[in-house]
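# Architecture and fold: a report
Letter by letter, the chains look like this.
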Amino acid sequence: VTGVTLRGAAGFATAVASSSQQVTFPASLQAGDTMVIWCAAGKPGLFSMSWTVSGGTFASLADSALTGAGSAQLFWRTATSSDAANAQAGTPYTVTAAVSALWACAAIAYGGTSSTYRFDPPPAGSAQVNPASTAVTVPGITPVRAFDQLLWLGFCTTASGSPAAITPPAGFTPQFSQVSTGTGATPAVGLAAAGMAAAAAGPTGAQDGSLSAAQGNGGLLLAIPAALPGLPAIPAFPAGYGPAPGDFDTWVQAPLTWLTYGTVFRAELENGQPVTAGTYTVIQWDTILEDPYAGWNGSSFSWLAPLTGWYEITVTVQYSVTSAQVAAAVRLSGVYSATYQLSEYTAGGAAGMWGGTSGAIVLPMVAGTDFIQGIAWAGNSTTLRSSNGSYSSIEITYVSQ
Amino acid sequence: VPATPYLPSPRTWIPGEVVKAPALRADVSGTVQLLGTPPLFAGQQTTTSQGITSFGTPVAVAIDTELVDNYGGHQTGPASNTTYYGMFPGWYLCEAAVPVPAGVSSVGPVGALIGGVQNGGALRNFGGTLLPGSTTATSMGVAAKLMLMTRTGVFGGSANDYIVSYVSAYPCSLVNSATISPVLTIRWVCAASGTAPLTVPANPAWPAPPAYVTSAFMNATVRNAAEYLLYPPVAEYAYSGSASLASQSAPPAVGTTVGCGARIVDTYGAYNSTSGVFTAPVPGVYYCYGCVAGTTGSNGAYLAAGLTVTSANYSGGSAATLWGGVTASQPSAVNAAAVRRRLRLSAGDTVVLAAFQNNSAGGVFTYTSSPGASGNFVSRIIVAWESA
């Protein structure tokens, strides 16, 4: 079960070679929803197709894996009130292809999605285009959130005859009936999308669809996380009141969902970093493991509190060079600014070993104002480790209002 | 302080039962009230100049400044500021850090401990790290421990359970400055008893007509969700055997397993005390703490604790040890090193406490297992579910 709701989906396909199509989103689209457009074309070896979308600024997946035997492109954006008005009025968006050809696309919208953490993880590098086969091989992804909405996007293409029938992976439900282009002008294209509620985080494994006949094909798997609720009030449950289902979502679903998700930020330093002797050095975390509230700032290497409350911050630092004392610390900035040293050891380790230490502290943070940086300190200049098993790390967990 | 917190006992719904406001208040409002603002204490020593006079004897650490104490279990006065009295029953995750200045004339090991009275028992303390002090720099002991408090609600009561942070060091005055000071954190993580196993709450939207609420929906969405969140997977085991660890040249990719046979708490029965393997019963982010304690050989030099994780989320699914860092150790003495991480695990993934030691003479590291004057420092593993 997921908090993400399919607002609607529709496929569009050209009957003859064309450079543009008009697509519409479902009338139930609301501001804040996730809008997705997925385009695909064939004609292997002659061109790599690309598209643009007018009517709004869409982010686009620039992924070399999406070109090859066929071409595909993903667009997405957070719906605005104008998008919602367009959907209600049936006002279309124009999708334009770089080359006039047969091609297909889909417009899909989900509600109840996170506006800060659009895809889990970001889709770069997770798509695949395959040579002719009856298998639509789609690499798996590794969501860090449970109860995401999985969206499987697939297409097939053939230079002769009609597109094959696309069957999504087991457990997935088609989001609309497969659409297919006409034939003859350029390779024909079939396009489909299917969804499934994910019960747990973790690797999905490959999610392969299948075709009724061997054709060139490709696909992409996305995980769309549900919106994270804000701080809940203790529900009152008024007596003598006739509640609507939405009232129970506010009283029960929202607060229990909030209580189910506690960890708000985890990151590692995997590529190493120099630390100057005797100075508090801000650790430049380079691998963000999860950040559902989007508090991370990669320029200042800080994490901004999204909710007011008490957080536990844990920092572990690991050094390549020994023979110096080492320390882990955090720096809180905002309403009240201070540096807190969490731990310190006389570093040990001869050649082939390293020093390290870890500590934790509970601190209050004000939403939108206070931010945290991880700090390393060493008695002698050194570098933070860059080997698996000894990465430095930071973890921030919300512990109380 | 939250208004009249209580531990909900969610009702089981039966077919045809009318969903009434008082029942939802008792189960849902009570759960949100308790878990939204769980008992939490965080304090520091910032004004006291606390001296240590007895070499190696655990001393209760004064906590004279409160950051948060939402259930009023602590006071800052000098007569009682070492102690947090339990105001609400349950398991508490306690974490302490105590900085000790560089030694001048005599330097010995520096250790941090969590102690107190649990469930009406005797006063006991439990060690975290115990590592050599320094003649040139501040040293800092850190500790974590799950503590059970069942006799609660009376601040200062002689029959009330309580928690104290201890430090073991050489004669000195503890460091407390703007950037580094003794810190103690105590937070409620789990009821003393509850229902298990359950699944992580799915928290679905409520059905809209023509669909309708059923007793099965209420039991899954209200009862089971509340019971899970009030009594999630939480485990702690301590070392109880007799074994030793040979010297290794460097921390290996997969460290030697330290099996902990003495059960402290295990709400989901997830830890195998024979194999030393914790198997995640449900997916989520888990707080993991490991401490490796034992006596080094005459040339004891270096020690590290690690968490060996087997999960597709780490190292491509192959077992790999996440080390807490190599630290120097005292020769022919009890030493303890710790590691602390939050790990995202899928159901079925495993976590194991691991150890590394290096001894220039090849001597072994013998695990300590029985509490005593120095036996407070015992290897242990703590794993607690925190988030979906």
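Here we summarise the structure given alongside this text.

## Focus on the sheet that holds strand S7 (residues 93-101) of chain A
All names here are of chain A. Here we have three strands laid out as an open sheet, ordered S2-S7-S4, and antiparallel in their pairing. Edge positions in the sheet fall to strand S2 (18-23) and strand S4 (51-54), since each has one partner strand and no second. Between one strand axis and the next, the sheet turns through 20° on average, direction left out of account. Pairing of S4 with S7, which is carried by four bridges, proceeds in the antiparallel orientation. Each residue of the ladder has a partner; that of Thr-52, found in S7, is Thr-96.

## Re the interface of chain A and chain B
Each side of the interface is counted separately: chain A has 74 residues, and chain B has 83 residues. Here chain A and chain B share an interface that buries about 6100 Å² over both sides, 59% of which is from carbon and sulfur atoms. Along the contact surface separating chain A from chain B lie six salt bridges. In this structure, Glu-312 of chain A and Arg-187 of chain B form a salt bridge, with 3.2 Å as the shortest nitrogen-oxygen distance. On the surface where chain A and chain B come into contact, there are 26 residue pairs in polar contact (both at pLDDT 80 or more). Elements with a minimum of two residues in the side of chain A that touches chain B: helix H2 (245-260), strand S16 (263-269), strand S22 (309-319), strand S24 (338-346), strand S25 (355-365) and strand S28 (392-400) of chain A. Here the side of chain A that touches chain B takes 12 residues from H2 of chain A, the largest share from any one element. Here the side of chain A that touches chain B is composed, by residue class, of 38 nonpolar, 29 polar and seven charged.

## What about helix H1 (residues 21-36) of chain B?
Of all bends in H1 of chain B, the biggest is about 25°, found at Ser-29 of chain B. Of all the 16 residues making up H1 of chain B, 13 are buried; the element is thus mostly covered by neighbouring parts of the structure.

## Considering the nonpolar core
Nonpolar side chains in soluble globular proteins tend to be buried together. The biggest cluster of nonpolar side chains holds 154 residues, and the ones touching the most others in it are Tyr-311, Ile-313, Val-315, Ile-394 and Ile-396 of chain A together with Tyr-286 and Val-292 of chain B. Apart from residues lying up to four places away in sequence, Ile-313 of chain A is in contact with Val-330, Leu-342, Gly-359, Ala-360, Ile-361, Leu-363, Ile-372, Ile-394, Glu-395 and Ile-396 of chain A.

## Topic: a nonpolar patch on the surface
All names here are of chain A. The grouping of Val-335, Tyr-336 and Val-366 at the surface amounts to a nonpolar patch, some 290 Å² of accessible area in total. Within the element layout of this structure, Val-366 appears in the loop between S25 and strand S26 (371-378). The class for Val-366 is partly exposed, based on a relative accessible area of 31%.

## Regarding the packing of H2 of chain A against H1 of chain B
Angle between the axes and distance between the axes: these two values describe a pair of packed helices. Running from amino to carboxyl end, H2 of chain A crosses H1 of chain B at an angle of 35°, the nearest separation of the two axes being 10 Å. The interaxial crossing formed by H2 of chain A with H1 of chain B has left-handed handedness. Along its contact with H2 of chain A, which presents Phe-248, Trp-251, Val-252, Pro-255, Leu-256, Trp-258 and Leu-259 of chain A, the element H1 of chain B presents Leu-24, Val-28, Thr-31, Val-32, Leu-35 and Gly-36 of chain B.

## Some thoughts on the packing of H2 of chain A against helix H2 (residues 215-230) of chain B
Contact geometry of H2 of chain A with H2 of chain B gives a least axis separation of 11 Å together with a crossing angle of 25°. In terms of their interaxial angle, H2 of chain A and H2 of chain B are classed as roughly parallel. H2 of chain B is crossed by H2 of chain A, and the crossing has left-handed handedness. Across from Val-252, Leu-256, Leu-259 and Thr-260 of chain A in H2 of chain A, the residues of H2 of chain B making contact are Thr-221, Val-222, Ala-225 and Leu-229 of chain B. Counted by class, the contact of H2 of chain A with H2 of chain B contains six nonpolar, two polar and no charged residues.

## Let's talk about the environment of Thr-57 of chain B
Residues and elements named next belong to chain B. Within the fold, Thr-57 resides in the loop between strand S2 (51-52) and strand S3 (59-60). Remark: the alpha-carbon pair of Thr-57 and Gly-325, spanning 268 residues in sequence, is separated by 26 Å. For Thr-57, the residues in contact, after removing those within four places along its chain, are Val-167 and Ser-168.

## Overview of the side chain of Thr-157 of chain A
Its place among the elements puts Thr-157 of chain A in strand S10 (residues 149-158). Only 3.1 Å separates the side chain of Thr-157 of chain A from the backbone oxygen of Ala-188 of chain A, close enough to count as a polar contact.

## So, the pairing of strand S8 (residues 103-111) of chain A
Residues and elements named next belong to chain A. Counting buried positions over the nine residues of S8 gives nine, a clear majority of the element. Side chains Trp-103, Cys-105, Ala-107, Ala-109 and Gly-111 of S8 all project onto a buried face; the interleaved residues Ala-104, Ala-106, Ile-108 and Tyr-110 project onto the opposite face, where all are buried too. Across eight bridges, the pairing between strand S1 (residues 5-13) and S8 is antiparallel. What sits directly across from Ala-10, in S8, is Ala-107.

## Topic: the pattern of salt bridges
Per the counting criterion, the structure on display carries 16 salt bridges over all chains. For Lys-145 of chain B, the salt bridge is made with Glu-236 of chain B, and the minimal N-O distance between the two is 3.1 Å. Highlighted residues: Lys-145 of chain B in strand S9 (residues 139-149) and Glu-236 of chain B in strand S13 (residues 234-238), separated in sequence by 91 residues. Residue Lys-145 of chain B is classed as buried on the basis of its relative accessible area of 1%. Put simply, Glu-268, Glu-312 and Glu-395 of chain A together with Arg-187, Arg-341, Arg-342 and Glu-386 of chain B are held in one network by salt bridges that share partners.

## A short note on H2 of chain A
The end-to-end C-alpha distance of H2 of chain A, which contains 16 residues, comes to 21 Å, matching closely the 22 Å that a straight helix rising 1.5 Å per residue would cover. Most pronounced at Gln-253 of chain A, the bend in H2 of chain A amounts to some 30°, and the proline Pro-255 of chain A follows within four residues. Three or more residues of H2 of chain A are buried, namely Asp-247, Phe-248, Trp-251, Val-252, Gln-253, Pro-255, Leu-256, Thr-257, Trp-258, Leu-259 and Thr-260 of chain A. Where H2 of chain A is buried, its residues touch S28 of chain A together with H1, H2 and strand S26 (380-387) of chain B.

## Topic: unusual backbone geometry
Cis peptide bonds are those with omega within 30 degrees of zero, and the linkage from Asp-120 of chain A to Pro-121 of chain A qualifies with 0°. As for its position among the elements, Pro-121 of chain A is in the loop between S8 and strand S9 (127-136). Of note, the amide linkage connecting Ala-196 of chain B to Pro-197 of chain B takes the cis form, showing an omega dihedral of 0°. Secondary-structure assignment places Pro-197 of chain B in the loop between strand S12 (183-190) and H2. One non-glycine residue with positive phi stands out, namely Phe-237 of chain A, at about 50°. Among the structural elements, Phe-237 of chain A can be located in the loop between strand S15 (209-224) and H2.

Parameters and conventions
- Residues numbered from 1 in each chain as written.
- Chains lettered and ligands numbered in written order.
- Predicted model: local features only at pLDDT ≥ 70, side-chain atom pairs only at ≥ 80, totals over all residues.
- Heavy atoms only, no water.
- Pairing = 2+ DSSP bridges.
- Helix = DSSP H or I, 4+ residues; strand = E, 2+ residues; numbered from the N terminus.
- Axes fitted to C-alpha atoms, helices over the stretch in contact; angles between N-to-C directions.
- Contact = heavy atoms within 4.5 Å.
- Buried area = accessible area lost by both parts, 1.4 Å probe.
- Salt bridge = Lys/Arg side-chain N within 4 Å of Asp/Glu carboxyl O.
- Polar contact = N/O pair within 3.5 Å; in protein donor to acceptor, adjacent residues only side chain to side chain.
- Nonpolar A, V, L, I, M, F, W, Y, C, P; charged D, E, K, R; others polar.
- Bend = angle between axes of the 7 residues up to and from the residue.
- Buried < 20%, exposed > 50% of the residue type's maximum accessible area, 1.4 Å probe, protein only.
- Core = buried A, V, L, I, M, F, W, Y, C linked by side-chain atoms within 4.5 Å.
- Patch = residues over 30% accessible without salt bridge, like charges linked within 9 Å, V, L, I, M, F, W, Y side chains within 5 Å.
- Areas by Shrake-Rupley, 256 points an atom, 1.4 Å probe, with all protein chains shown as cover.
- Left-handed = near helix turned anticlockwise from the far one by under 90°.
- Parallel < 35°, antiparallel > 145°, perpendicular 65-115°, else oblique.
- Expected span 1.5 Å × (residues − 1).

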